[in-house]
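If you want the building blocks of each chain, they are given just below.
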Amino acid sequence: MNYKIAVVPGDGIGPEVIEQALRVLDKIGDTYNHTFEYMKVLAGGAAIDTTGGCLPQETIDICKSSDAVLLGAVGGWKWDTLPGDERPERALLGLRKELGLFANLRPAILFEDLAQACPLKPEIISGGLDLVVVRELTGGIYFGEKGLKETDLGPAAYDVELYSEEEVRRIAVVAFDMAMKRGKKVTSVDKANVLESSRLWRRVVAEVSKDYPEVELNNLYVDNTAMQMVLNPKQFDVIVTSNIFGDILSDEASQITGSIGMLPSASLAKGNFGMYEPVHGSAPDIAGQNKANPMATILSAAMMLRYTFGLSKEADAIEKAVKDVLAAGYRTPDLMANGGKEIGTKEAGDLIVDFIA
Ligand code: NAD
């Protein structure tokens, strides 16, 4: 098969980690007989320097005409003094909006060989962890009506949490589809004991669940979920939740897995289209020094194969190669706390390519 991928290297370590992810994809292409065609486009600081704006129309057009988007990271010290709406990071919001990316997926996988990086007790994480937070990305309180007003108590402010049935339905479908490809368990997180919007959320998720009789559905309040995440995270497979609750819970989930250099993410639109990127930023402090861990970006590319292209075997091969490199004791500097054989960005790419048999 032939797949068209819009590639946004971005700024800082973005181009370095993207380079390694493309080498890994090329190896997958050779091994499994696929062609990946890359269209490199500008966004962020690199786009500001070249075109004057952080998200050129050409970038949007090429992303829209591709099968998926793979992004490194944007931003850096050079552009820190620009006004908020002209900064490189605005490109991310623009891409989300233009591409209709309404579902954010953040897996939290604890690799056995990095277990020491997990802040939880060994007995809580024994056997590893593998969960994914599915966060609604374009609705809820972050996009609801907001404002300032005078009240009897003096000046006040408000932000409205509003969800339509359709918004809840489409994110629930993403979560249930994902559960079908994983452990067949969905935990829907809300605050239905207090919020009307959560009661609608819970009702619609229950309706969607009827189409997935094989998937077990549990409902949890967000406060209880935050506790359960550190008490017994192994109970979770797919967590689906609103924009604000997902923002908080996905950060909590990611921290139980250790280094930021290991965390991939995906943002999905209708019809399997998606933008895939590491959770980390452009890390200007280590840019250009062959110190960045490319694994989060490489694992993001694996998510792209799995969720947009439906290539599970190929995605498994990448994830296994990453595990094998760690099991063989190789560590980029961010993972060196517990010893190991230190490698750089390029060597990590070389090893992962080699381990894909
Ligand atoms: P950051 O994630 O770039 O860096 C935080 C720390 O983690 C730094 O010490 C960095 O060296 C380290 N780090 C990050 N990625 C790493 C990797 N792959 N390997 C090894 N170490 C890694 O966050 P920050 O410093 O807050 O932000 C730097 C710039 O990135 C800012 O301009 C910010 O706005 C931008 N940013 C972009 C994105 C994005 O593009 N999605 C996300 C977050 C921040």
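Small disclaimer: the values here were computed from a predicted structure and weren't measured.

Caption draft 1: Fine view of the packing of helix α1 (residues 14-32) against helix α11 (residues 312-327). The geometry of α1 relative to α11 is characterised by a closest axis approach of 11 Å and an angle of 130° between their N-to-C directions. Classed by the angle they form, the pair α1 and α11 counts as oblique. Like other packed secondary-structure pairs, α1 and α11 cross with a definite hand, here right-handed. Across the interface between the two elements, Val 24, Ile 28 and Tyr 32 of α1 pack against Lys 313, Glu 314, Ala 317 and Ile 318 of α11. A per-class count over the contact of α1 with α11 returns 5 nonpolar, no polar and 2 charged.

Caption draft 2: Region of the structure containing the site of the ligand. Within the structure, the ligand sits among 20 residues, and Val 74, Glu 89, Gly 281, Ala 283 and Asn 293 are positioned closest to it. Burial of the ligand by the protein chains amounts to 69% of its free accessible area of 810 Å².

Caption draft 3: Here's a closer look at the sheet that holds strand β5 (residues 129-136). The strand order β2-β1-β3-β12-β11-β4-β5-β10-β8-β9 describes an open sheet built from 10 strands, whose pairing is mixed. Taken across any chain shown, the strands that pair with only one partner, and hence form the sheet edges, are β2 (35-40) and β9 (216-221). Geometrically, the sheet is characterised by an average inter-axis angle of 25° between neighbouring strands, direction not taken into account. Relative to β9, strand β8 (residues 185-190) is paired through 6 bridges, and the arrangement is parallel. What sits directly across from Val 186, in β9, is Leu 217.

Caption draft 4: Quick look at unusual backbone geometry. Phi is positive for Asn 33, close to 65°, though the residue is something other than glycine. Its place among the elements puts Asn 33 in the loop between α1 and β2. Of note in the backbone geometry, Ala 283 takes a positive phi value of approximately 40° without being a glycine. Mapped onto the fold, Ala 283 is located in the loop between β12 (274-278) and α10 (295-308).

The rules behind these values
Residues numbered from 1 in each chain as written. Predicted model: local features only at pLDDT ≥ 70, side-chain atom pairs only at ≥ 80, totals over all residues. Heavy atoms only, no water. Axes fitted to C-alpha atoms, helices over the stretch in contact; angles between N-to-C directions. Helix = DSSP H or I, 4+ residues; strand = E, 2+ residues; numbered from the N terminus. Parallel < 35°, antiparallel > 145°, perpendicular 65-115°, else oblique. Left-handed = near helix turned anticlockwise from the far one by under 90°. Contact = heavy atoms within 4.5 Å. Nonpolar A, V, L, I, M, F, W, Y, C, P; charged D, E, K, R; others polar. Near = heavy atom within 4 Å. Areas by Shrake-Rupley, 256 points an atom, 1.4 Å probe, with all protein chains shown as cover. Pairing = 2+ DSSP bridges.

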